[in-house]
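Survey of secondary and tertiary structure
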Amino acid sequence: MTSTAQDLRTFVSAAARRPAVIGAIAPSSATLADRLASVVPSFGLPTVVELGPGTGSVSAAIARRLPEGGRQLAVEIDPELVEYLRRTRPELEVSYGDAADLRALLAVHGVGRVDAVVSGLPWALVGTGRQERILAEVTGALTPDGTFTTFAYLHALPLAPARRFRALLRSLFDEVLVTSVVWRNTPPAISYVCRRPVVQRR
């Protein structure tokens, strides 16, 4: 396992190098990570994929919850973070690539459908068209009873992009829950828990 200091140094380096891609000032806190990982089935043989794992704070929470025999995959667009994750989190099957190509990346690992998708992507920095493309990949990859979860920073919720994103989620999932605020995060955040994709895309 990695140290918090090592994770933070690596994360800050990546954020400084590609601020428009990383979109955060610090890794997710342990509290937020546990909240996001709570959608991972704790029994059976689930397959879970994480989008934008960064330095792996949420990955670690997923690994703690995932039952023996489950599969944990991740898609990361920053090549240095990919190498960091492969070195420090051997339990994680990491793909270097774009979340907008999710199903093709999963196919390389022999995976068709997944039970949960956990996202750390910076949706506020992603245009509506690209959000739609990524979420089409997510809904197409999930099983009919699958769950998608992601987070948003509290201060951004009243802004138009955040409202549009919420509306998009509600158009794509049968149930969208907005959780209570995780104050122990920098900055404070809420999470969305989205269940049962309404449309399974080709």
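Provided above is the structure to which this section pertains.
Per chain, residue numbering runs from 1 following the sequence as it is written. pLDDT decides what is reported in this predicted model: residues at 70 or higher carry local features, side-chain atom pairs at 80 or more are listed and counted, and totals for whole chains, interfaces and linings draw on all residues regardless. Neither water nor hydrogens contribute to the side-chain values; these are computed over all heavy atoms in the structure.

As for the sheet that holds strand E7 (residues 189-197)
What counts is decided by this rule: Note on pairing: DSSP must find at least two bridges between two strands before they are called paired. Secondary structure is summarised from DSSP: a helix means a run of H or I of at least four residues, a strand means a run of E of at least two, and numbering begins at the N terminus for each. Angles run from 0 to 180 degrees between N-to-C directions of axes, and those axes are lines fitted to C-alpha atoms, restricted for helices to the stretch in contact. Note on definitions: a residue-residue contact is assigned when non-hydrogen atoms from the two residues lie within 4.5 Å.
A sheet is described by the order of its strands in space; here 7 strands give the open sequence E3-E2-E1-E4-E5-E7-E6, paired in mixed fashion. Of all strands in the sheet, those bounded by a partner on one side alone are strand E3 (93-96) and strand E6 (173-178). On average, each strand axis in the sheet is tilted by 20 degrees relative to the strand beside it, whichever way the strands run. Relative to strand E5 (residues 142-153), strand E4 (residues 114-119) is paired through 4 bridges, and the arrangement is parallel. When the sheet's bridge partners are listed, alanine 116 is paired in E5 with threonine 147. Against the sheet, helix H7 (residues 128-141) makes contact with strand E1 (47-51), E4, E5, E6 and E7, and its axis sits at roughly 145 degrees relative to E5, the strand it touches most. Contacts between helix H8 (residues 160-172) and the sheet are confined to E5, E6 and E7, with E6 contributing the most and set at about 140 degrees to the helix.

Focus on unusual backbone geometry
Geometrically, the link from threonine 186 to proline 187 is a cis peptide bond, its omega value of -10 degrees lying close to zero. Within the secondary structure, proline 187 is located in the loop between E6 and E7. Of note, the phi angle at arginine 196 is positive, near 60 degrees, even though the residue is not glycine. Note on placement: arginine 196 falls in strand E7.

Observations concerning the side chain of aspartate 78
Let me state the cut-off plainly: Pairing of N or O atoms within 3.5 Å defines a polar contact, subject to two protein rules: one partner must be a possible hydrogen donor and the other a possible acceptor, and residues neighboring in sequence count only if both atoms are side-chain atoms.
For aspartate 78, the location among the structural elements is in the loop between strand E2 (71-76) and helix H5 (79-88). In terms of polar contacts, aspartate 78 uses its side chain to reach the backbone amide nitrogen of glutamate 80, at 3.0 Å.

Quick notes on the side chain of arginine 89
You can see arginine 89 is positioned in the loop between H5 and E3. In terms of polar contacts, arginine 89 uses its side chain to reach the backbone carbonyl oxygen of threonine 55, at 3.4 Å.

Considering the packing of aromatic side chains
The criterion, for reference: In this scheme Phe, Tyr and Trp rings, the latter by its six-membered ring, pair at centre separations within 6.5 Å, and the angle between planes marks the pair as stacked below 30 degrees, edge-to-face above 60, and tilted otherwise. Three labels apply to residues, based on accessible area from a 1.4 Å probe with only protein chains included: buried if under 20% of the type maximum, exposed if over 50%, partly exposed otherwise in between.
Scanning the model with the defined rule gives 5 aromatic pairs in all. When the ring of tryptophan 123 is compared with that of phenylalanine 148, the centres are 6.4 Å apart and the planes differ by 80 degrees; the resulting orientation is edge-to-face. Of this pair, tryptophan 123 sits in the loop between E4 and H7 while phenylalanine 148 sits in strand E5, and the two are 25 residues apart along the sequence. On the accessibility criterion, phenylalanine 148 (0% relative accessible area) is buried. Note on phenylalanine 165 and tyrosine 192: the rings are 6.1 Å apart at their centroids and 65 degrees apart in plane angle, and the pair reads as edge-to-face. With phenylalanine 165 in helix H8 and tyrosine 192 in strand E7, this pair connects stretches of sequence that are 27 residues apart. Taking the relative accessible area as the measure of exposure, tyrosine 192 reaches 1% and is therefore buried.

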